[in-house]
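Observations on the model geometry
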Amino acid sequence: TKNTKYWIPDTCFAGSGMTDNAMTNDAWETALNILNHAPQTRAKLIRKLTDKGFPADSCQAAADKAMHYKMLDDAAYAKALVARETRKRHGPLRIRETLRNHGIDDAAADNALAQAGCSDADSRLRQALSALEKIRKKTDTADAGKLTRYLFNRGFDHDTIRKVIRTDDDHE
């Protein structure tokens, strides 16, 4: 059968009336529309295509094609996401969770955090002190419990929080 956009073979895909080729081409066009709106990770793109009803093999093929044409780059996406979350003064634990929620694997997350300087103890301490400065500007509280909760909710680990609270107490 000849379509104005695609050549469609006569064999039908899973009884749906569409062929493998047509489903893959439709998935590719949908992927292009999704990527045109905002950068995506491979996992997010596949999930969005699956949510739109495309079969898994068509979703994988569209993601592979996007990776081939360098339209998907999980490492660059992770690096940009870490930079954005660091500007928000979020800690490494929260940033890692955000990366995981966006479909970034642990190896790419570790690499992006290391490149941003979020992986060593000194940089985590500097980040936590920076976040503490932000809350100090908003409120004149010296309540260690409130500061601890604030830093914990920002994604800092307990050891870093303890050091920051001790450092803050030494400055007073």
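Residues numbered from 1 in each chain as written. Predicted model: local features only at pLDDT ≥ 70, side-chain atom pairs only at ≥ 80, totals over all residues. Heavy atoms only, no water.

Regarding the nonpolar core
Applied cut-off: What we call a nonpolar core is a set of buried Ala, Val, Leu, Ile, Met, Phe, Trp, Tyr and Cys residues that are connected through their side-chain atoms within 4.5 Å. Buried means the residue's accessible area, taken with a 1.4 Å probe over protein chains only, is under 20% of the maximum for its type, while exposed means over 50%, and partly exposed covers the values in between. Note on conventions: DSSP H or I runs of at least 4 residues are helices, E runs of at least 2 residues are strands, and numbering of each starts at the N terminus. Contacts are assigned to residue pairs that have any heavy atoms within 4.5 Å of one another.
Judged by nonpolar contacts, the single largest core of 15 residues is most densely connected at A31, L45, L49, F54, A62, A66 and L72. Those elements that place two or more of their residues in this core are α1 (20-37), α2 (42-51) and α3 (56-68). Element by element, the count of residues in this core is highest for α1, at 6 residues. Beyond its immediate chain neighbours, meaning those up to four positions away, A62 contacts A27, W28, A31 and L49. In this structure, Y77, I104, A109 and C118 belong to the second largest nonpolar core, which totals 12 residues.

A few points about helix α6 (residues 106-115)
To keep it simple, the criterion reads: Note: the arc covers the axis-to-C-beta directions of the helix. Pairs of N or O atoms within 3.5 Å make up the polar contacts considered here, provided that, within protein, one atom can donate a hydrogen while the other can accept it, and that residues adjacent in sequence are counted only when both atoms are side-chain atoms.
Within the sequence span of α6, burial applies to A108, A109, A112 and L113. Down the axis of α6, the buried side of the element spans an arc of 130 degrees, and every buried residue falls inside it. Turned more than 90 degrees off the buried face of α6, the exposed positions are A107 and Q115. Residues of α6 that are buried make contact with α4 (74-87) and α5 (92-101). Between the side-chain oxygen of the N-cap and the backbone nitrogen of A107 there are 3.1 Å, and the N-cap of α6 in question is D105.

So, the pattern of salt bridges
Keep this limit in mind: Each reported salt bridge corresponds to a side-chain nitrogen of Lys or Arg within 4 Å of a carboxyl oxygen of Asp or Glu.
Taken as a whole and assessed by the stated rule, the structure comprises 7 salt bridges. The salt bridge involving E97 is made with R100; its shortest N-O contact spans 3.1 Å. Taken together, the positions of E97 and R100, both in helix α5 and 3 residues apart, correspond to about one turn of that helix. Residue class for E97 comes out partly exposed when judged on its relative accessible area of 37%.

A word on the packing of aromatic side chains
Quick note on the threshold: Think of it this way: a Phe, Tyr or Trp ring, Trp meaning its six-membered ring, pairs with another when their centres are within 6.5 Å, and the plane angle makes it stacked under 30 degrees, edge-to-face over 60, tilted otherwise.
Enumeration according to the criterion identifies 1 aromatic pair in this entry. Judged by centre distance (6.3 Å) and plane angle (40 degrees), the ring pair of W28 and Y69 falls under tilted. With W28 in helix α1 and Y69 in the loop between α3 and α4, this pair connects stretches of sequence that are 41 residues apart. What makes W28 buried here is its relative accessible area of 13%.

What about the environment of T160?
Within the fold, T160 resides in helix α9 (residues 158-171). Among the residues examined, T160 registers a relative accessible area of 4% and is labelled buried. It is 9.9 Å that separates the C-alpha atoms of T160 and G91, two residues lying 69 residues apart in sequence.

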